[in-house]
Amino acid sequence: MKLFDVYPINDIQITHAKGSRVWDEKQNEYLDLYGGHAVISIGHTHPYWVERIESQLKKIAFYSNSIKIPIQEELAQKLGEISGKKDYQLFLCNSGAEANENALKLASFHTGRKKIISFSKAFHGRTSLAVAVTDNPSIVAPVNQTEHAMFLPFNDIQALEDAFKQYGNEIAAVIVEGIQGVGGIHVASNDFLLSIRKNCDQYGAVYIADSVQCGYGRSGKFFSHDFAGVEADIYSMAKGMGNGFPLGGIIISPKLKAKHGMLGTTFGGNHLACAAALAVLEVIEKENLIHHASEVGEFLTASLTSIEAISGVRGRGLMIGFDVPEHLKNLKKHMLFKHKIFTGEAKPNVIRLLPSLAITMEDAAYFIHQLKNAIEHYQD
Ligand SMILES: Cc1ncc(COP(=O)(O)O)c(C=O)c1O
């Protein structure tokens, strides 16, 4: 059997990893500024994370949500403490798309309405409603197309006000990334997020903060929406949550009430996933990684801004993007194959940095040094 060929891949096999370093089968060492697409939060194969998963595995890996799973409550407690959302309720699932799918469904159950507002360049996942509110027609199958999705320009307060004036009583939810990731690292302005909050309150719609990529401390705060001082009704999370162990979840404001059977999943919240998620939060707390992400992020942003050949340096914490001119369009490739540094990208010609929150200042400085070298040596 062959693999279903949907991924444009680099011809590299990674055989082992530690912290912000990975090694290929020929023992070449790479620095990872991509974090496996923002997934590696506390560092590859963090020993505490490995140990917590191993010891859970020896006890029990999985049982269904038909029994009590105290480690879910332990996770909810810790997540409440670290995120500051102590009175929210946790629902666990397995991926970012699934988290958004559940958030949107819940908003519709809660309001009894159908319309969803989303924004230009948004990415919310590939399942049916998540992809319908994603601004990329090429990944929306005919069956996913729905008139319930409305796209407005990102960061445009007037367009938001106008849409609410026209359709306010039909709108179930507004879904917004605090920092757009796949769209090329665009930060939602504080005023824009405040305006979403205000309109949702006025018209009884649900504010969904898609924090799958920009959440979990990556921005230098637990949720990037926290910069605006707003409280969303639902936060969706995934990538950094398990440091590579697949899991996702939503946290839900107390004003949305649960009903048996309303949401559900077989695998979500299994013992092993909860052990991985708890290990991540414990390490984030113990190693003060959110503050660290903010400091290293500031250093990277300042250093990148001083490089003349690139422009549009933007982002927050360790979610950073910059534009690369046409004559340097292969910069990402050269960084990988010549300098052995993984970075991310967004179309067209944007480099995205999404390293582990534990990346050291030395590694960040090494990256800047090598980026300057690559810009100097490879003008193609
Ligand atoms: C903001 C955002 N939401 C949702 C998703 C979908 O997550 P997953 O691929 O885990 O389904 C992604 C993935 O890149 C994302 O960046």
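In case you missed it, the structure is sitting above this.
Below, the structure is looked at part by part. No experiment lies behind these values; they were computed from the predicted model shown. (Residues numbered from 1 in each chain as written. Predicted model: local features only at pLDDT ≥ 70, side-chain atom pairs only at ≥ 80, totals over all residues.)

1. What about the sheet that holds strand β6 (residues 149-152)?
Moving on, step 1. The sheet built from 7 strands is open, its strands ordered β4-β12-β11-β10-β7-β5-β6 with mixed pairing. Looking at strand neighbours, the two that pair on one side only are β4 (89-93) and β6, the edges of this open sheet. The mean inter-strand angle of the sheet, taken between neighbouring strand axes irrespective of direction, is 20°. (Pairing = 2+ DSSP bridges. Helix = DSSP H or I, 4+ residues; strand = E, 2+ residues; numbered from the N terminus. Axes fitted to C-alpha atoms, helices over the stretch in contact; angles between N-to-C directions.)

2. Digging into the site of the ligand
Moving on, step 1. Taken together, 14 residues surround the ligand, and among them S95, G96, A97, G125 and V212 come closest.
Moving on, step 2. Considering every element that reaches the shell around the ligand, the biggest residue donor is helix α4 (residues 96-111), with 3 residues.
Moving on, step 3. When the residues that make up the shell around the ligand are grouped by side-chain class, the tally is 5 nonpolar, 7 polar and 2 charged. (Near = placed C-beta within 6 Å. Nonpolar A, V, L, I, M, F, W, Y, C, P; charged D, E, K, R; others polar.)

3. Focus: the environment of M361
Moving on, step 1. Along the chain, M361 turns up in helix α11 (residues 361-377).
Moving on, step 2. Ignoring sequence-local partners within four residues, the contact set of M361 consists of V296 and F299. (Contact = placed C-beta atoms within 7 Å.)

4. Re the pairing of strand β3 (residues 29-32)
Moving on, step 1. The pairing of strand β2 (residues 21-24) with β3 spans 3 bridges and is antiparallel. Across the sheet, residue R21 finds its bridge partner in β3, namely L31.
Moving on, step 2. Where β2 folds back onto β3 in an antiparallel hairpin, the turn is made up of 4 residues, including Q27, whose phi is positive at roughly 70°.
Moving on, step 3. Where β3 lies against strand β15 (residues 341-342), 2 bridges are found, and the strand directions are parallel. Directly across from L31, in β15, lies its bridge partner I341.

5. Considering the packing of helix α6 (residues 157-167) against helix α7 (residues 190-203)
Moving on, step 1. Between α6 and α7, the shortest axis-to-axis distance is 10 Å and the interhelical angle comes to 10°. Between α6 and α7, the interaxial angle falls into the category roughly parallel. Together, I157, L160, E161 and F164 of α6 and D191, F192, S195, I196, N199 and Y203 of α7 make up the contact between the two elements. (Parallel < 35°, antiparallel > 145°, perpendicular 65-115°, else oblique.)

6. A look at the nonpolar core
Moving on, step 1. In terms of nonpolar packing, the biggest core is built from 110 residues, with A173, V174, I208, I234, A276, A277 and V280 touching the most fellow members.
Moving on, step 2. At 12 residues, the largest contribution of residues to this core is made by helix α8 (residues 271-286).
Moving on, step 3. In this structure, this core is formed jointly by two domains, domain 1 (14-39 + 289-377) and domain 2 (47-286), each of which donates at least three residues.
Moving on, step 4. Excluding residues that lie within four positions of it along the chain, V174 makes contacts with I117, I196, C200, A205, Y207 and I208. (Core = buried A, V, L, I, M, F, W, Y, C linked by C-beta atoms within 7 Å. Buried ≥ 20, exposed ≤ 12 C-beta atoms within 10 Å, placed from the backbone. Domains from an automatic or database assignment.)

Limitation: the analysis is restricted to geometry and does not speak to function.
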